[in-house]
Amino acid sequence: MKRIFIAFFTTLCVLPALAQNNEYNEMAKEIDQEVWSDKDPMFTNNKLPEAYKNQSAVILARKQTVETNTERKGRSLLYIGKMHSTIKRTIRERIFINDQVSLDEYSEINFNQLQSKQSGAITKLRTYTFMGIRVTKADGSLQKINVEEASVKLDETREGKKNKIAVPNLAIGDIIDYYITYFDQARTDKDVDFITFILGDEYPILNLGIKILLDKRVAAQYQAINGAPDFKITSVEDDNLLELNAANLPKASNVIWTSQNRQVPIIRIKYAFADIMHGRGDYTKHGTIERVTSPEDVEHQFMNLIKPYMVQTQGMPIIKAAWKTYAKENDIDKENLDSIISFVYHYSRYLSFGTLTGIYAANAGYDDFYDCRVSQTTIKQLETVLNVLKTINANFDADAELVLVSDRNDVAYKDVFSIADLNFMIRVPKAKGKFAFYYFGSSLFNVDEMPPSFEDETYRYIQQNTIFRGGRDMSQEKADMINGKAVTLKTPASLNNQTEDIVISFDSANMQLLHINRKAKTSGHQRRGMQSATLILEDYLVAERTLLDKETDIELEWRKLNGTYRKYWIDAQLSLTKAREEQKKKFEAEITNEYTDKPKELKQFKVLQKGFSGSNAAMAIEEAFSMDGWVKKAGNNYILEAGKFVGNQLEIKADQRERKLDIYMPYARSFNNNIALKIPEGYTIEGTEKLNKSVKNECGGFESTAKIEGNTLLITYYKYYNNLVDPASNWDKILAFVDAGFAFTKEKLLLKKK
């Protein structure tokens, strides 16, 4: 099922007037006529080129158009003389259906409500969406789909009203041709908006065209990155016309281990129905188009954004007082820098995520008590970072610095185009020229940990110590001090590890039922996945308080709150109780995710280590469960699906095996499985030699061994990925050990009666 998500925003939502319904219908007819009468030759091709015969589908043509218009409109006294702007955006695609997968995908199309005939009560501003679908059959005949008749409402979500369009009688060899047009009207202001064009898709694109007509009152900046072609810019009367064309674009999304924002050609535009103000104070004037090739202006915009916080943020002196008490009670030198760095981070994390008043604010209805992770919005992260930066510099004389870094899954720092492209941390100097990093994206990060996508990234650091200490306003000279540059470290595969120790035995009454005792331990970036999968919020709250020597009885602490929060304890208690009861379901789901098969019975589960205690702290769990379906009876003997003992392993499908894009791994990582299978008395095991494998190269490796000691079969399974980024030329090397690891899961052993 193909999903097309259409997002729109309005200020005042009222019932549409009949006149607006009529207007919508007239506009729909006009747009439908305009699109289908387009004589662009790229939409006349009905043939699938031989080079793409093995593709599931091919986008024969894609055309994206944007058109702005500004006019005086509005009769109310409040808006007389104001400028109204409209923007019309259309995407049209012509797609060759070449196999059952793409046929299933396009036979039904999910989308948000098309006719959003909504308006402002006074200004009569509209937000409309239009759609049309045609199918060219393999015999050349044309079938037009009535979108209104074929549309079926599914449900209503935060993103809008979900509808489904059935495309009847679609068949392999057909060509589906559809368009979506968004029409938005708003009172003109100076707000900057963004449009992104990605020159790639999950299917190859034979021909692509972009056409943008900006009227004379619009100012625009754009960037072309990752090898994207530049626009041809011409004047049409007083307006600006931007055009580009591209051909034979390879498959670029739904490819494993990629960073689309760094590997696929992208055009990004920011525009306003007014001048665009730069960070330094100058402008891109309306009626002009500028190409941006540097992040410098965004850096200055960022400095302007944080300027008020530098003056207003007074830090958190409570942390200094808490540190003195903590150091005294735990006999720690209160001047010990490493201890200070760790304490300040974890106390700041507690204030950001772990206070009960904060939990109330974050989870008003207490629906999230089953999740151990508490997150912050981007702007809240920034406030936290600046507050902590002020605190540690003013109270501990630490010379900490603000860090701006790009995410490896987003654009590179050199291609930063807006403040939204930036991420922020704090770095605190340690001994011997080293640094500790503070990241406040969620409660799952400890001191000196950062998201894996920040690793080995160029970042900028801002030295603003004197401003934070003095609380003075920021001079332009200080605003220019984003000139420090460094590269974050990368963690090795051995640090980001998951190790499992598993003991398997046969049920005495039913040899086809296995009893499994599993201990799993995760460290580094692997830890956070297991925390999310198994822990509940109470686990985090208790761990945080234990670390800081605070009260760990949540009920006792809650009842000490003021009346505003204390009255909610009954609701909170119910939520805590429900989360404890549902934690077993989380463990069952974690086992199912690990092994694909659902356990027959989860007998016991236990958290051994929660992983909140400090840098690179490990997370560990223990489980006892039974599993059936892994043993098949064969006469007096049994067939063991021994490959399943190591859990679900990655399979690289046929459509992913040819590769031209470099490989962007989530992070370097390793997996160890140590399995002990108890051999029942009166039986022997045959076929263990098949489990001894080894494939190693500079990209990673897979190694497995099997041996029998007494009445126990010992199996080891070790797989590891060494690098963050590998060139496409190394793809075959990665396939070698990934394929070997997956092949292991298909191995079987014979449990033979003596």
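Attention in this report is confined to the structure presented alongside it. (Residues numbered from 1 in each chain as written. Predicted model: local features only at pLDDT ≥ 70, side-chain atom pairs only at ≥ 80, totals over all residues. Heavy atoms only, no water.)

Details of the overall build of the protein chain
This is how it is decided: Secondary structure elements are taken from DSSP: a helix is a run of H or I of four residues or more, a strand is a run of E of two residues or more, and numbering for both begins at the N terminus. Only protein chains enter the accessibility calculation, which uses a 1.4 Å probe; a residue whose area is less than 20% of its type maximum is buried, one above 50% is exposed, and one in between is partly exposed. By the convention used here, residues are in contact when the closest approach between their heavy atoms is within 4.5 Å. Only the protein chains shown count as cover for residues, with accessible areas throughout obtained via the Shrake-Rupley method and a probe of 1.4 Å.
Across its full length, the protein chain holds 17 helices and 38 strands. Buried residues in the protein chain amount to 52% of all 754 residues. Intrachain contacts of the protein chain at a sequence separation of at least 6 include 76% that bridge at least 24 residues. Element-wise, carbon and sulfur atoms account for 48% of the exposed surface of the protein chain, whose accessible area totals about 35,100 Å².

Details of helix 6 (residues 317–329)
Here is the rule: For a helix, the expected span equals 1.5 Å multiplied by the residue count minus one. The arc in question is traced by the directions running from the helix axis to the C-beta atoms.
Counted at 1.5 Å a residue, the expected span for helix 6 with its 13 residues is 18 Å, and the 19 Å between its end C-alpha atoms agrees. Within the sequence span of helix 6, burial applies to Ile319, Ala322, Trp323, Tyr326 and Ala327. All buried residues of helix 6 lie within an arc of 130° about the axis, which places them on one face of the element. Facing away from the buried side of helix 6 by more than 90 degrees, the exposed set consists of Pro317, Lys328 and Glu329. For helix 6, the secondary structure elements touched by its buried residues are helix 7 (337–354), helix 9 (378–396) and helix 13 (537–547). Asp331 occupies a position one or two residues after helix 6 and carries a positive phi of about 55°.

Quick look at the packing of aromatic side chains
Selection criterion: Centres within 6.5 Å are what make two rings of Phe, Tyr or Trp a pair, Trp counting through its six-membered ring; a difference in plane orientation under 30 degrees is then read as stacked, over 60 as edge-to-face, and the rest as tilted.
For the coordinates displayed, the defined rule picks out 34 aromatic pairs. When the centroid spacing of 5.9 Å and the interplanar angle of 90° are considered together, the rings of Phe437 and Tyr459 count as edge-to-face. Of this pair, Phe437 sits in strand 22 (residues 435–438) while Tyr459 is found in strand 23 (residues 458–462), placing the two residues 22 residues apart along the sequence. According to the relative accessible area criterion, Tyr459 is buried, its value standing at 2%.

Points about the environment of Tyr203
Put simply, the test is: Pairs of N or O atoms are called polar contacts if they sit within 3.5 Å, as long as, within protein, a hydrogen donor faces a hydrogen acceptor (for residues adjacent in sequence, only side-chain-to-side-chain pairs).
Positionally, Tyr203 belongs in the loop between strand 11 (193–198) and strand 12 (205–214). A residue is classified by how much of its surface remains accessible, and Tyr203, at 6% relative accessible area, is buried. For the pair Tyr203 and Ser253, spaced 50 residues apart in sequence, the C-alpha separation works out to 7.7 Å. Ignoring any residue separated from it by four or fewer positions in sequence, one finds Tyr203 in contact with Ser56, Ala57, Val58, Ile59, Ser102, Glu105, Tyr106 and Lys251. At 2.3 Å, the side chain of Tyr203 and the side chain of Glu105 are in polar contact.

Some remarks on the packing of helix 6 against helix 7
How we decide: Only the stretch in contact is used when a helix axis is fitted, and all axes are lines through C-alpha atoms; the angle between N-to-C directions ranges over 0 to 180 degrees. Our angle categories are set so that under 35 degrees counts as roughly parallel, over 145 as roughly antiparallel, 65 to 115 as roughly perpendicular, and the remainder as oblique. For a crossing to be left-handed, the near helix must be turned anticlockwise from the far one by less than a right angle; the clockwise case is right-handed. Lys, Arg, Asp and Glu make up the charged group, whereas Ala, Val, Leu, Ile, Met, Phe, Trp, Tyr, Cys and Pro make up the nonpolar group; the residues left over, Gly among them, are polar.
Look at helix 6 against helix 7: their axes get within 10 Å of each other, and the N-to-C directions meet at 125°. Between helix 6 and helix 7, the angle falls in the class oblique. Crossing geometry of helix 6 relative to helix 7 is assigned as right-handed. Taken together, the residues of helix 7 that come into contact with helix 6 (itself represented by Ile318, Ile319, Ala322, Trp323 and Tyr326) are Ser339, Ile340, Phe343, Val344, Tyr347, Ser348 and Leu351. For the contact of helix 6 with helix 7, a count of residues per class yields 10 nonpolar, two polar and no charged.

Section: the sheet that holds strand 11
Our working rule: Only strands that DSSP links by at least two bridges are regarded as paired with each other.
Ordered by their spatial adjacency, four strands build an open sheet running 11-16-13-19, and the pairing between neighbours is mixed. Pairing within the sheet leaves two strands with one partner each, and these edge strands are strand 11 and strand 19 (289–291). In this sheet, neighbouring strand axes are inclined to one another by 20° on average, regardless of whether the strands run parallel or antiparallel. Where strand 11 meets strand 16 (residues 266–272), six bridges bridge the pair, whose relative direction is antiparallel. Note on strand 16: the bridge partner recorded for Ile198 is Ile266.

A short note on empty space enclosed by the protein
Selection criterion: Cavity means a closed set of points on a 1 Å grid over the protein atoms alone, one where a 1.4 Å probe fits but cannot get out, pocket means an open set with protein on both sides within 12 Å along at least 5 of 7 lines, and lining means a residue has an atom within 4 Å of a point. Grid points are joined across faces, edges and corners, and a volume is the space filled by probe spheres set on the points.
One pass over the structure, following the stated rule, counts one cavity of 30 Å³ or more. Around the largest cavity, the lining residues are Val66, Thr68, Ile87, Ile195, Ile212, Leu214, Ile269 and Tyr271. For the lining of the largest cavity, the secondary structure elements donating two or more residues are strand 2 (57–72), strand 12 and strand 16. Here the lining of the largest cavity is built from residues that sort into seven nonpolar, one polar and no charged.

A short note on the pattern of salt bridges
Think of it this way: side chains of opposite charge can pair up when their charged atoms draw near. Spelled out, the test is: Salt bridges are identified by distance alone: a Lys or Arg side-chain nitrogen within 4 Å of an Asp or Glu carboxyl oxygen.
For the structure shown, the criterion picks out 41 salt bridges. Measuring nitrogen to oxygen at the nearest pair gives 3.5 Å for the salt bridge that ties Asp597 to Lys644. Of this pair, Asp597 sits in the loop between helix 16 (569–595) and strand 27 (601–609) while Lys644 sits in the loop between strand 30 (637–640) and strand 31 (663–664); the two residues are 47 residues apart in sequence, bridging distant segments of the chain. Here Lys644 falls in the partly exposed class, since its relative accessible area comes to 26%. Salt bridges sharing common partners tie together Glu500, Arg518, Glu590, Glu594 and Glu623.

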